[in-house]
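This is what each chain is made of:
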Amino acid sequence: MDNMERLIKEKIRRELEAQTRRHFIKQCASGMGGLALGSFFLGCDPLKNEQKGMKMAFSDRDLNPLATMAPPFDSKVKNIIYLHMAGAPSQLEMFDYKPELRKLHDQPCPQSLLEGKKFAFIRGTPKLLGPQAEFSQVGESGHWVSDNLPHFKKVIDEVAFLKAVHTDQFNHGPAQLFMHTGSPRLGRPSIGSWVTYGLGSENQNLPGFVVLTSGGKTPDAGKSVWGSGFLPSVYQGVQCRSQGDPVLYIEDPEGISRNLKKQTIDAINQINKDEYAKYADPEILARINQYEMAYRMQIAVPEVMNINNEPEHIKQMYGVEPGKESFANNCLLARKLVEQGVRFVQLFDWGWDSHGTDHDNAVDLGLRNKCREIDRPMTALLLDLKQRGLLEETLVVWGGEFGRTPMQENREGKKMGFKGRDHHGDAFTMWMAGGGIKKGASHGQTDAIGFAGVDGRVSVHDIHATILHVLGFDHEQFTFEFQGRPFRLTDVEGAVIKEILA
Amino acid sequence: MEVLKQLLGRLHPILVHLPIGFLILGLLLIWHDRRKKELSKVLPLIFLWGFISALLACITGYLQYLGEGYAFETVKWHLWLGMGTALFSLMIYVRLAPAWSLNWLQKIPLLMLSSVFFVLISITGHQGGLITHGEDYLVEPLPHSVKLALGIPTFEEMPIALTEENWEEAQLFGEVIQPILNNRCVSCHNPKKKKGELQLQTPETILEGGENGNVLVAENAAESELVKRMRLPKNDEDHMPPKDKTQPTKAEIDLVAAWIDIGHPFDKSIKETGLKKELFLDFFPQRPNETYPDIAIPSAPVDSISKIKAMGIHVDPLNKNTSFLKFSCLNRPDFSDADFPFLLALKEQIAVLDLGGTQITDSIIGKLALLPNLTVLKLDHTAISGSTVLKLSALKNLKSINLSSSKFDAANLHALLALEHLEKAYVFDTPLATEGPRKLQQDHIQIDYGNYVLPPIASDSIIY
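Cut-off values and rules
Residues numbered from 1 in each chain as written. Chains lettered and ligands numbered in written order. Predicted model: local features only at pLDDT ≥ 70, side-chain atom pairs only at ≥ 80, totals over all residues. Heavy atoms only, no water. Helix = DSSP H or I, 4+ residues; strand = E, 2+ residues; numbered from the N terminus. Buried < 20%, exposed > 50% of the residue type's maximum accessible area, 1.4 Å probe, protein only. Contact = heavy atoms within 4.5 Å. Areas by Shrake-Rupley, 256 points an atom, 1.4 Å probe, with all protein chains shown as cover. Lys, Arg positive; Asp, Glu negative; His and termini not counted. Charge placed at Lys NZ, Arg CZ, Asp CG, Glu CD. Buried area = accessible area lost by both parts, 1.4 Å probe. Salt bridge = Lys/Arg side-chain N within 4 Å of Asp/Glu carboxyl O. Polar contact = N/O pair within 3.5 Å; in protein donor to acceptor, adjacent residues only side chain to side chain. Nonpolar A, V, L, I, M, F, W, Y, C, P; charged D, E, K, R; others polar. Domains from an automatic or database assignment. Axes fitted to C-alpha atoms, helices over the stretch in contact; angles between N-to-C directions. Parallel < 35°, antiparallel > 145°, perpendicular 65-115°, else oblique. Left-handed = near helix turned anticlockwise from the far one by under 90°. Phe/Tyr/Trp six-rings, centres within 6.5 Å; stacked < 30°, edge-to-face > 60°. Lys NZ or Arg CZ within 6 Å of the ring centre and 35° of its normal. Pairing = 2+ DSSP bridges. Core = buried A, V, L, I, M, F, W, Y, C linked by side-chain atoms within 4.5 Å. Patch = residues over 30% accessible without salt bridge, like charges linked within 9 Å, V, L, I, M, F, W, Y side chains within 5 Å. pLDDT = per-residue confidence, 0-100.

Draft legend 1. Summary view of the overall build of chain A. Tallying secondary structure elements over chain A gives 13 helices and 17 strands in all. When the backbone C-alpha atoms are referred to their principal axes, chain A occupies close to 105 × 55 × 45 Å. For chain A, the residues scored as buried account for 54% of the 502 residues in total. Summarising the internal contacts of chain A: among those between residues at least 6 apart in sequence, 76% fall at separations of at least 24. About 22100 Å² of surface is accessible on chain A, with carbon and sulfur atoms providing 53% of the total. For chain A, the centre of its 59 positive side-chain charges and the centre of its 63 negative side-chain charges are spaced 3 Å apart.

Next comes the structure, spelled out in structure tokens:
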């Protein structure tokens, strides 16, 4: 034994001798690198990120990152349904009635409007294009709505219009990112992530932020429009499909029974629990929680995503087409999800990019089909939420990523076969309805041809500030520490649009 | 000559520090030397130079007063006291210098003279500071509460107190426009600061205008500088108030514009001007949040909350500053009447209670009546038939009840209508909504029977 001990001492001594001064300094250098790297990750420290003034029991969020939290201010609204018409719908054929534009139809666009402007496709001097729809004034509020939306006229007094929204992006991808994350570049969390982070999720069996798409195409900006950016990824949107498995890989693989799955998860969790007993790291608890939630989701998600068990009259009201991917199905699902306590439901419907290059995207043809596809479902959604007492605690937002030009598109300076309009960010229409919103209100006005806002212009940041306000947040105080500074959804801008608040 | 006058005048704030330094040094040395008397040769010299520099300060000060257009009223005390200081330093020089020996002066004790002089210098210097830096310069950084405790006047906000009853009788200028200008503009445009030579505190000064002339164009707000500048983009150099100051609201700007458009009357009541009520609505007292009871209640015991949370029930405050709680049994569909007693530990705090989709029966209603501050109650998707709903009349705060998809029976409609404080009820998809009678007369309760339909129309099937 003595020899053995001597041998070990000898080994240690040799090792130390082999350690030259150069080795030592080299190791110091990599150590410094490690320290520096550590500081990059400060933004990921969960303890630093207690929301201002929202102190909560230490354990709640550590055990479950989706635990519910009270907002800073009173709010009746707890859920959001955001209907995004991807491709940018033409406000001039739907809500922004411009009789003057009809009179000026086929006149060349005044040069003063074109100076210093950049369009996606319009070149040279385009001609003005009169509204390609009939309009009428409806409801007690007397808002103008086009005949493309006959059903929607019934709920016109429930909504508040923003007629002069503007954005600084004129291409779909950046504009969609801007509309949903407050920045036209990648990397910022979407509104849904912010909201889920701020309020948590109520239903332990369902994700707090669900995304549904229709129209045969997902948004140009990709999944970043419902991404969590620098927020923990547990807050990102979960895309559910209305065809096949609602969530990819939610079915157990062939040959694996539910029982075996349960045993597997139990075994993993047991190991994790032992690990927790040793290190007391709350991250481990969060992991245990996520495994259990995934297991519960396997039952709950297919159930809530099944529209077949809804009564016939409800299905008729929405105009659903079971088994297909449709906006109507998604609207009905949105109601079901909100009813089940899902915090943020995001609907994307593709097909609104009415350039006039073919039949399907002509403002007098394809656009009418798109309008028909959303008219009944979105009207039914408002009425259905209303009769269940859900509308007062849900905010419904409708809009695109920008608007369309009062001029007819002349791709490459040529006259085109169909009537279409180019991308236009200077003025477009959005509406909101539900809790906290003034029914029948309309804010903002565009000029005689709908080219630019002349009164009550609101920016994308203003819309975000308003959404957060309705949910009980002060958008200037709701921050997340990242890369050494607090970040906001509204960056350094945004003002709450008080004119449309109840 | 004019240039020289201006230039010398502007030297005043620098020069004044010389006599202050010399004279305070002199006073300190007098105190230091009060026993040993070793410095009697130096002291007179210090006060001689103190006198000379004080004299220079007086001259430049006077030039500055002339050059920069201060009101005499503002500088009066500083001017007299400054000259007093110069004379006093001369006097002490005479008292100390061996060459002079005025008997009466020698009789006054030196330390007493020094003390008086010290006070004099302090006051003079302070007066000067007030003129250059403003009245509240020294105390400005103090917290508001300390200022109040010390009785220091803070900037006085003029409240705008219009109500549904008095708005027509209120003076348009005196009670609305003047407070707006006072609260948003006068902190810079006042007799002391006079930024841009403009003062906005009284009708006379408003009409006088500023360095660029009139700020009002009669009956033309769009051309009036006062309104134009407030409406410029915030980043514009000419935007008023400067972007780091509190901004007037849109309603305030609109009202000032409306006042100019009708010819800026100073002594008319709102009724006499004939302005529309809409313009003033923002200034009416805002309806406080009347949804939840307006009382202070103790905060809920933490262990009761965690006990209920452990049951899988959501318990959260309504907001971060209230003790009122909202409950939701969303994750506990097996919640039944037997579980209710747990909630009683928090009976005062419960304001929103969501028992939707649970196993509760009609017998729980009597117990719900024990929650005095219950405001919103959800009983949807339950077996509640409403036979005991009248017991809820004990709840003075209950405003909204959701019974949709419950078994609420038509026979119990009268009991529901008897709940005096109830404002809203949802009964969609209940026996009451499908076959029951409809409430005919409109009264305090708004009942939503639901069953909305969108009948098919021809355009539904037209494909373009």
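Structure shown, so let's carry the discussion forward.
Draft legend 2. Region of the structure containing the interface of chain B and chain A. Contact with chain B, which involves 36 residues of that partner, is made by 40 residues of chain A. Of the roughly 3300 Å² buried at the junction of chain B and chain A (both faces included), carbon and sulfur atoms supply 50%. Contact with chain A buries surface across chain B, with Tyr452(B), Leu454(B) and Tyr464(B) losing the most and accounting together for 25% of the total. With its nearest N and O atoms 2.6 Å apart, the salt bridge here joins Glu393(A) to Lys378(B). Along the contact surface separating chain B from chain A lie 17 residue pairs in polar contact (both at pLDDT 80 or more). At the level of elements, β1 (314–317) and β5 (400–402) of chain B are the ones that each hand at least two residues to the side of chain B that touches chain A. The residue inventory of the side of chain B that touches chain A, partitioned by class, reads 15 nonpolar, 13 polar and 8 charged.

Draft legend 3. Up close: unusual backbone geometry. Here the amide bond leading from Met240(B) into Pro241(B) is cis, since omega sits at -10°, within 30 degrees of zero. Of note, Pro241(B) is situated in the loop between α11 (225–231) and α12 (250–261). One non-glycine residue, Ala88(A), lies in the positive phi region at around 80°. Structurally, the position occupied by Ala88(A) is in the loop between β1 (79–86) and α4 (99–103). Even without being glycine, His264(B) reaches a positive phi, approximately 30°. As for its position among the elements, His264(B) is in the loop between α12 and α13 (270–273).

Draft legend 4. Representation of the domain arrangement of chain A within the structure. Entries for chain A in the domain assignment read domain 1 (2–34), domain 2 (79–246 + 305–500) and domain 3 (259–300). Centre-to-centre, using C-alpha coordinates, domain 1 of chain A lies 41 Å away from domain 3 of chain A.

Draft legend 5. Spotlight on the packing of helix α4 (residues 42–67) of chain B against helix α5 (residues 72–96) of chain B. All names here are of chain B. Direction vectors running N to C along α4 and α5 enclose 160°, while the axes themselves pass 8 Å from each other. Put simply, α4 runs roughly antiparallel to α5. Like other packed secondary-structure pairs, α4 and α5 cross with a definite hand, here left-handed. Counting all contacts with α4, which are made through Leu43, Pro44, Phe47, Leu48, Gly50, Phe51, Ala54, Leu55, Cys58, Tyr62 and Tyr65, the residues of α5 involved are Phe72, Val75, Leu79, Gly82, Met83, Ala86, Ser89, Leu90, Ile92, Tyr93 and Leu96. Looking at side-chain class alone, the contact of α4 with α5 contains 19 nonpolar, 3 polar and no charged residues.

Draft legend 6. View of the packing of aromatic side chains. In the structure shown here, the tally under the stated rule is 27 aromatic pairs over all chains. With centroids separated by 4.5 Å and ring planes inclined at 35°, the aromatic side chains of Tyr97(A) and Trp144(A) adopt a geometry described as tilted. Residue Tyr97(A) is located in the loop between β1 and α4, and its partner Trp144(A) is located in strand β3 (residues 143–146); the two are separated by 47 residues in the primary sequence. Centre to centre, the rings of Phe230(A) and Phe482(A) are 4.8 Å apart; their planes meet at 20°, and the pair counts as stacked. With Phe230(A) in the loop between β5 (209–214) and β6 (238–240) and Phe482(A) in strand β16 (residues 480–482), the pair connects residues that are 252 residues apart, well separated along the chain. In textbook terms, an aromatic cluster arises when at least three aromatic residues are bridged by ring pairs, as seen for Trp194(A), Tyr197(A), Phe230(A), Tyr235(A), Phe473(A), Phe478(A), Phe480(A), Phe482(A) and Phe487(A). Cation over ring: Lys163(A) sits above Phe161(A), and NZ or CZ is 5.4 Å from the ring centre. The side chain of Arg368(A) reaches across the aromatic face of Tyr464(B), ending 4.9 Å from its centre.

Draft legend 7. Structural context of the pairing of β5(A). All names here are of chain A. Of all 6 residues in β5, 6 are buried; the element is thus mostly enclosed. Along β5, one buried face is formed by Phe209, Val211 and Thr213 and the opposite face, lined by Val210, Leu212 and Ser214, is buried too. Of the strand pairs in this sheet, β5 and strand β7 (residues 344–350) are connected by 6 bridges, and their pairing is parallel. When the sheet's bridge partners are listed, phenylalanine 209 is paired in β7 with phenylalanine 344. In this structure, β5 lies alongside β6, joined through 3 bridges in parallel fashion. Following the sheet pairing, valine 211 is matched in β6 by glutamine 239.

Draft legend 8. Structural view of the nonpolar core. Formed by 111 residues in total, the largest nonpolar core has its most connected members in Leu83(A), Phe152(A), Trp431(A) and Ile467(A). Broken down by element, the residue count for this core peaks at 9 residues, all from helix α12 (residues 366–387) of chain A. Counting only domains with at least three residues in this core, you end up with domain 2 (79–246 + 305–500) and domain 3 (259–300) of chain A. Counting 44 residues, the second largest nonpolar core, distinct from the first, contains Ile313(B), Leu379(B), Leu395(B) and Ile445(B).

Draft legend 9. The arrangement of the sheet that holds strand β7 (residues 446–448) of chain B in detail. Residue and element names in this part refer to chain B. With mixed pairing, the 7 strands of this open sheet are ordered in space as β1-β2-β3-β4-β5-β6-β7. Pairing within the sheet leaves two strands with one partner each, and these edge strands are β1 and β7. Between one strand axis and the next, the sheet turns by 15° as a mean value, whatever way the strands run. As paired elements, strand β3 (residues 350–354) and strand β4 (residues 376–378) share 3 bridges and run parallel to each other.

Draft legend 10. Region of the structure containing a nonpolar patch on the surface. On the surface, Leu45(B), Trp49(B), Ile52(B), Leu55(B), Leu56(B) and Ile59(B) cluster together into a nonpolar patch covering about 550 Å² of accessible area. Classification of Ile52(B) as partly exposed rests on a relative accessible area of 31%.

Draft legend 11. Region of the structure containing the confidence of the model for chain A. Of all residues in chain A, 93% have pLDDT values of 70 or greater, and the mean over the chain is 89. Confidence drops under pLDDT 50 across residues 42–58 of chain A; counting only partners more than four residues distant or on other chains, this segment forms 27 contacts.

Draft legend 12. Structural view of the pairing of strand β9 (residues 403–408) of chain A. Residue and element names in this part refer to chain A. By the criterion of burial, β9 is predominantly enclosed, with 6 of the 6 residues buried. In this structure, β9 lies alongside strand β10 (residues 421–424), joined through 3 bridges in antiparallel fashion. Along β10, the bridge assignment pairs glycine 403 with histidine 424.

Draft legend 13. How the structure looks around the packing of helix α11 (residues 327–339) of chain A against α12(A). Residue and element names in this part refer to chain A. It is at 8 Å that the axes of α11 and α12 come closest, and there the two elements cross at 15°. If you check the angle between α11 and α12, you find them roughly parallel. In the packing of α11 onto α12, the handedness of the crossing is right-handed. On α12, the residues that touch Phe327, Ala328, Cys331 and Arg335 of α11 are Glu373, Ile374, Pro377, Met378, Leu381, Asp384 and Leu385.

Draft legend 14. Looking closely at the confidence of the model for chain B. Mean pLDDT over chain B works out to 87, with 95% of the residues at or above the 70 mark. Here helix α8 (residues 144–150) of chain B stands out as the least confident element of chain B, with mean pLDDT 68; β4(B) is the most confident, with 95.

Draft legend 15. Molecular detail of the pattern of salt bridges. Residue and element names in this part refer to chain A. Counted by the stated rule, this structure contains 39 salt bridges over all chains. One salt bridge in this structure joins glutamate 134 and arginine 102, with 3.9 Å as the shortest N-O distance. Remark: arginine 102 occurs in helix α4 and glutamate 134 occurs in the loop between α5 (111–114) and β2 (135–138); sequence separation between them is 32 residues. With a relative accessible area of 49%, glutamate 134 lands in the partly exposed category. When its relative accessible area of 32% is taken as the criterion, arginine 102 is described as partly exposed. One salt bridge connects arginine 411 with glutamate 409, and the closest N-O pair in it is separated by 2.9 Å. Three or more residues joined by partner-sharing salt bridges are found here, namely Glu310, Arg335, Lys336, Glu339, Asp384 and Arg388.

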